[in-house]
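Listed here are the chains, written in short residue letters.
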Amino acid sequence: VQLVESGGGLVQPGGSLRLSCAASGFTFSTYAMSWYRQAPGKERELVATITSAGGSTNYADSVKGRFIISRDNAKNTVYLQMNSLKPEDTAVYYCVRVGHRREYDYWGQGTQVTVSS
């Protein structure tokens, strides 16, 4: 199993970024996927989750209305569209597979998102 994130970077407050996570080594379309983030000195936070077929999504209250999780099962890729970014969104963002027992069993290496003027 391999999860490779991309798309992080430096953005000004109010800006947007789209993160991508390319998955390989498993049948992507049969697993829910999540994005987590961890800011310096803070606990890891579950940001968003999408079901295997993409029919249902869930978001942390802190990002609801600003972030959108989506997936393309033909491309084995999950995305996180981040809009109206705030300095408090600064963190390392991780793509995570949700195992069939609802455990978070595989993690990507993470991509840094920095929101600053």
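Refer to the preceding data block for the structure.
As the structure is a prediction and not an experimental result, all values here were calculated from the model.

Asks: Help me understand the packing of aromatic side chains, please; the structure alone is not making it clear to me.
Replies: Aromatic rings considered in pairs are described by the distance between their centres and by the relative angle of their planes. Within the structure shown, the criterion is met by five aromatic pairs. Over the aromatic face of Y36 sits the side chain of R44, whose NZ or CZ is 5.8 Å from the ring centroid. When the ring centre of Y31 is taken as reference, the NZ or CZ atom of R97 above it lies at 4.0 Å.

Asks: How should the environment of V113 be read in this particular structure?
Replies: Topologically, V113 is positioned in strand 11 (residues 111–115). Along the primary structure V113 and D89 are separated by 24 residues, whereas in three dimensions their C-alpha atoms are 7.6 Å apart. In contact with V113, not counting residues within four places along its chain, are G8, G9, L17, L19, M82, D89, T90, A91 and Y93.

Asks: What am I meant to see in unusual backbone geometry here?
Replies: Note: most peptide bonds trans; most residues except glycine with negative phi. Phi is positive for S84, which is not a glycine, with a value near 50 degrees. With respect to the helices, strands and loops of the structure, S84 is situated in the loop between strand 8 (77–82) and strand 9 (91–98). Positive phi, close to 65 degrees, is recorded for R102, a residue that is not glycine. Judged by relative accessible area, which is 73%, R102 ranks as exposed.

Asks: Explanation requested: the state of the cysteines in the structure shown.
Replies: The bond known as a disulfide is covalent and runs between the sulfur atoms of two cysteines. Summed over all chains, the structure comprises one disulfide. Covalently, C21 is tied to C95 through a disulfide, its sulfur atoms 2.1 Å apart. Where C21 bonds to C95 through sulfur, the torsion about that S-S bond is close to -75 degrees, and the disulfide is left-handed. Of this pair, C21 sits in strand 3 (residues 17–24) while C95 sits in strand 9; the two residues are 74 residues apart in sequence, bridging distant segments of the chain. The buried category is assigned to C95, whose relative accessible area is 0%.

Calculation rules
- Residues numbered from 1 in each chain as written.
- Predicted model: local features only at pLDDT ≥ 70, side-chain atom pairs only at ≥ 80, totals over all residues.
- Heavy atoms only, no water.
- Phe/Tyr/Trp six-rings, centres within 6.5 Å; stacked < 30°, edge-to-face > 60°.
- Lys NZ or Arg CZ within 6 Å of the ring centre and 35° of its normal.
- Helix = DSSP H or I, 4+ residues; strand = E, 2+ residues; numbered from the N terminus.
- Contact = heavy atoms within 4.5 Å.
- Buried < 20%, exposed > 50% of the residue type's maximum accessible area, 1.4 Å probe, protein only.
- Disulfide = S-S within 2.5 Å.

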